Amino acid sequence: MSDIRGPLWSHSCTWTDLLVPVSLDAGRDGLDLCDGWMDRWTATWKYAGDEIAGPVRHLGQVPVASRGPMRGFTWRREQRHRPGLESLVSTGRLHGFESLEEDQLLVALDFAGDLVELLSQPLRIRFRTMKKWRNHTPDFFAVTRVGAWLIDVRPRDLIEPEDLESFAAAEEVALACGWHYAVAAAWRPHVRSTLGALYGKRRPTRDVLGIQPELLAHAEEEATFGELAAAQTYWPAARAQLLHLLWHRKLGIDLAQPLTDSSRVVLAGGPS
């Protein structure tokens, strides 16, 4: 993972560069990873509506298509979490989440994840610790252009020792399948505010005034956000088009800093 102090330009970062890393060493120490663990541990997933279980060793061979979430997303009065459905531009579909933290992850994946496919509550893992058998259901499975990711979401201050065991078990399963693994526990400074500003302009938009080509051309000069917008006759429309170009990673900014008029904007793939 990149140094969290470094700049993040649109095409030089991945979505995990937006996260503050979580160490799983303490959780891994409690797992039973003796020879043959991939045959003893099992995974259960839903395929065409039915639950299917098998050893972890064979999980990586299971096709993603036709898989369904292990459990549904329900809404009721007085519940303590905030479930919902997020519309992702990358997949063109609604995807379920069980908390605002999970929703934030979906937005980050849609922006910087090179996302191709996503499944909520993708599988249930039955794993063995040094003391007992336990179950864990990771929050998301994401297929991206740079590999597949098994992902858990948990605010850092709510992570308990048993959570670390579950996350470490999920990471071992992911590695055994040739996937990546990540815990979304905390975001780098200003990521939330920046993604929030870009979020409203993620939808397809018409450039009836022909502003985008001029913005892209002027971005080669590495101007600031405010300078690029002010250089256009219709500067309010230019600001909206800039946000759209940033979301779709045709332009880049430094996500380690707040998005302001003084933020330097470069062409995607520009200097880092």
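Along each chain, residues carry numbers from 1 onward, in the same order as the chain's sequence is written. This being a predicted model, a pLDDT of at least 70 is required before a residue's local features are given, and a value of 80 or more before pairs of side-chain atoms are given or counted; all residues contribute to the totals for chains, interfaces and linings. Water and hydrogen atoms were dropped before computing side-chain values, which therefore reflect all heavy atoms in the structure.

Our next topic: the confidence of the model for the protein chain. Here pLDDT means the predictor's own confidence in every residue, given as a number from 0 to 100. In this model, the protein chain carries a mean pLDDT of 87, and residues with pLDDT of at least 70 account for 89%. Contacts are assigned to residue pairs with any non-hydrogen atoms lying within 4.5 Å of each other. Under a pLDDT of 50 for its full length, residues 1-12 has, in the predicted model, 39 contacts with residues more than four places off or in other chains.

For the rest of this paragraph, the subject is the sheet that holds strand β9 (residues 140-144). Hydrogen bonding along the main chain pairs the strands of a sheet, whether they run parallel or antiparallel. Think of it this way: DSSP has to see at least two bridges between two strands before they count as a pair. Put simply, DSSP marks the helices as runs of H or I at least four residues long and the strands as runs of E at least two long, and each gets a number from the N terminus on. Spatial ordering of the open sheet is given by β6-β9-β10-β11, a layout of four strands whose pairing is mixed. Unpaired on one side and paired on the other, β6 (115-120) and β11 (180-184) mark the two borders of the sheet. On average, each strand axis in the sheet is tilted by 25 degrees relative to the strand beside it, whichever way the strands run. As paired elements, β6 and β9 share five bridges and run antiparallel to each other. Opposite Leu115, over in β9, you have Thr144 as the bridge partner. Under this scheme, a helix contributes an axis fitted over its contacting stretch, all axes are lines through C-alpha atoms, and angles between N-to-C directions fall in the 0 to 180 degree range. Across the sheet, helix α3 (residues 100-112) is in contact with β6, β9, β10 (147-153) and β11; its angle to β10 comes to roughly 155 degrees.

Within 6.5 Å between ring centres, the rings of Phe, Tyr and Trp (the latter by its six-membered ring) count as paired, and their orientation is classed by plane angle as stacked under 30 degrees, edge-to-face over 60, tilted in between. Taken as a whole and judged by the stated rule, the model has six aromatic pairs. Geometrically, the ring pair formed by Trp37 and Trp41 is edge-to-face, given 4.6 Å between the ring centres and 65 degrees between the ring planes. Assigned by exposure class, Trp37 and Trp41 land together as buried. Here, a charge over a ring is recorded when the distance from Lys NZ or Arg CZ to the ring centre is within 6 Å and its angle to the ring normal is within 35 degrees. Between the NZ or CZ atom of Arg202 and the centre of the ring of Tyr199, over which it lies, the distance is 3.8 Å. Under the scheme applied here, a residue whose accessible area is under 20% of the maximum for its type counts as buried, over 50% as exposed, and between as partly exposed, the area being computed with a 1.4 Å probe on protein chains only.

Another aspect to go through is the pattern of salt bridges. Here, a salt bridge means any Lys or Arg side-chain nitrogen found within 4 Å of an Asp or Glu carboxyl oxygen. Summed over the entire model, instances satisfying the criterion amount to 15 salt bridges. Where Glu172 meets Arg28, a salt bridge forms, and the shortest distance between an N and an O atom there is 3.1 Å. With Glu172 in helix α4 (residues 161-177) and Arg28 in helix α1 (residues 25-28), this pair connects stretches of sequence that are 144 residues apart. Given the relative accessible area of 25%, Arg28 is considered partly exposed. A salt bridge links Asp163 to Arg154; its shortest N-O distance comes to 3.6 Å. The structure contains a network of salt bridges with shared partners spanning Asp25, Arg28, Glu171 and Glu172.

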